[in-house]
Each structure stands twice: as C-alpha cells, then as structure tokens.
Amino acid sequence: MTNDGIRPAVAADVPAVKTVTDAAYRPYIARIGVVPRPMEADHTANVAAGKVFVTGEPVIGLVVIEVRADHLFLDSIAVHPDAHGRGVGGRLLRFVDARARERGLTEVRLYTNALMWENQKIYPKYGYEVLERRVDGPYDRIHYRKRLD
C-alpha cells in the first residue's frame, strides 16, 4: 500500500478497474452523446504499464496517470457511484499531487468534457485552473493544470 490506502493496480484488478470506470462514466453517455474515452481505454495495458492506482477492497476508486516531460497527466479518475461522498476522489487527487512531487514535477494536468459540469466545480477546489477549452474530435474538453509548490 502507498499513502492513504492507494496502491498500484495489478493484473487481477483489471476487471474491477473496468467495472469502476464504467460505473463512474456511464451516466455521462447520454449527456455528451459519445462513450467517454476512459470507458474505451485498454485497462490491461494501462495496468501493465504501471499507470493505474486503486483504492479500496473491493476497488472503489482509481486514477490513471502518465508521467510526461514537464508534468504529470491525470488521464482518468473514477470513483464508483456507491462510494460518492466518502472523500475517495479527494484522496486520489492528493495522491496524484504527491506522485508528481516524488518525480520532481511541478504541475499536474488533466481535461474533462465540457458537459461534465460537476467536474468543473470540483477541480478548482483542489487548486486546478482552466488552461483552455478545445474540441478534440467528438470531445469538447476543458483542459486544467495545477501548479505544485
């Protein structure tokens, strides 16, 4: 276990990673008109590459992160709807910050669909600022960054 009960995912976690991701993102399909990209991710490859970190037994939340040259990219964060309101998302976001700092990175970046307005209320509370809004294919995305001290 790493800090706060968050650990690297292993191959045996792949079904849970898919279940939690699908449960977290499925409600957005009707609203945004396309399947959210995290639902189509290759979870097996992401776990094998060491990009996925999970929390809970059984798994109730996860992040998919990728180290980039000048920042840590938060590719996906998912909390099972049954676990909403328990602080799981906040713990995962703090973990991402800690991971970036451990690697000497001073910034975390992410994006969210413009129609996932709930996220636009959450990320600023954790220190994220809007960089830009950009359409990528069928996705209208708001890009965020958080500068770490």
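For the structure, see preceding data.
So, here's what we can say about the structure. (Residues numbered from 1 in each chain as written. Predicted model: local features only at pLDDT ≥ 70, side-chain atom pairs only at ≥ 80, totals over all residues. Heavy atoms only, no water.)

**Some remarks on the packing of aromatic side chains**
This is how it is decided: Classification of ring pairs rests on two measures: the distance between centres of Phe, Tyr or Trp rings, Trp counted by its six-membered ring, which must be within 6.5 Å, and the angle between planes, read as stacked under 30 degrees, edge-to-face over 60 and tilted in between. The criterion for a charge sitting over a ring is simple: Lys NZ or Arg CZ within 6 Å of the ring centre, and within 35 degrees of the ring normal.
Scanning the entire structure with this criterion turns up 4 aromatic pairs. The structure contains a cluster of three or more aromatic residues connected by ring pairs, namely Tyr123, Tyr128 and Tyr144. Stacked on the ring of tryptophan 117, the Lys or Arg arginine 31 has its end atom at 3.6 Å from the ring centre. The ring of phenylalanine 73 has arginine 68 lying over it, and the distance from NZ or CZ to the ring centre is 4.3 Å.

**Section: the nonpolar core**
Keep this limit in mind: In this text, buried Ala, Val, Leu, Ile, Met, Phe, Trp, Tyr and Cys residues form a nonpolar core when linked through side-chain atoms within 4.5 Å. Relative accessibility under 20% of the residue-type maximum defines a buried residue, over 50% an exposed one, and the middle range a partly exposed one, all with a 1.4 Å probe and only protein chains included. In DSSP terms, a helix is any run of H or I states spanning at least four residues, a strand is any run of E spanning at least two, and both are numbered starting from the N terminus. For this analysis, residues touch if any pair of their heavy atoms sits within 4.5 Å.
Formed by 24 residues in total, the largest nonpolar core has its most connected members in Val63, Leu74, Val96, Val108 and Tyr128. The set of elements that each furnish at least two residues to this core consists of strand 3 (61-67), strand 4 (72-79), helix 4 (88-102), strand 5 (107-113) and strand 7 (139-147). With 6 residues, the single largest contributor to this core is helix 4. Each residue touching leucine 74, except ones within four places of it in the same chain, is listed here: Val63, Val64, Ile65, Leu93, Val96, Val108, Arg109, Leu110 and Tyr128. One finds Ala9, Val47, Val59 and Val64 within the second-largest nonpolar core, a separate group that totals 17 residues.

**Some details on the sheet that holds strand 3**
The condition that has to hold: Pairing between two strands requires that DSSP report at least two bridges joining them. Only the contacting stretch of a helix is used when fitting its axis, a line to C-alpha atoms as for every element, and angles between N-to-C directions run 0 to 180 degrees.
Spatially, the 7 strands line up as an open sheet ordered 1-2-3-4-5-7-6, and their pairing is mixed. Single-partner strands in this sheet number two, and they are strand 1 (6-8) and strand 6 (129-136). For this sheet, the mean inter-axis angle between neighbouring strands, taken without regard to orientation, is 30 degrees. Across 3 bridges, the pairing between strand 1 and strand 2 (residues 52-55) is antiparallel. Looking at the pairing, isoleucine 6 lines up with threonine 55 of strand 2. Taken strand by strand, helix 1 (residues 14-25) contacts strand 2, strand 3 and strand 4, and its axis lies near 80 degrees from that of strand 4. Lying over the sheet, helix 4 contacts strand 1, strand 2, strand 3, strand 4, strand 5 and strand 7, oriented at roughly 160 degrees with respect to strand 4.

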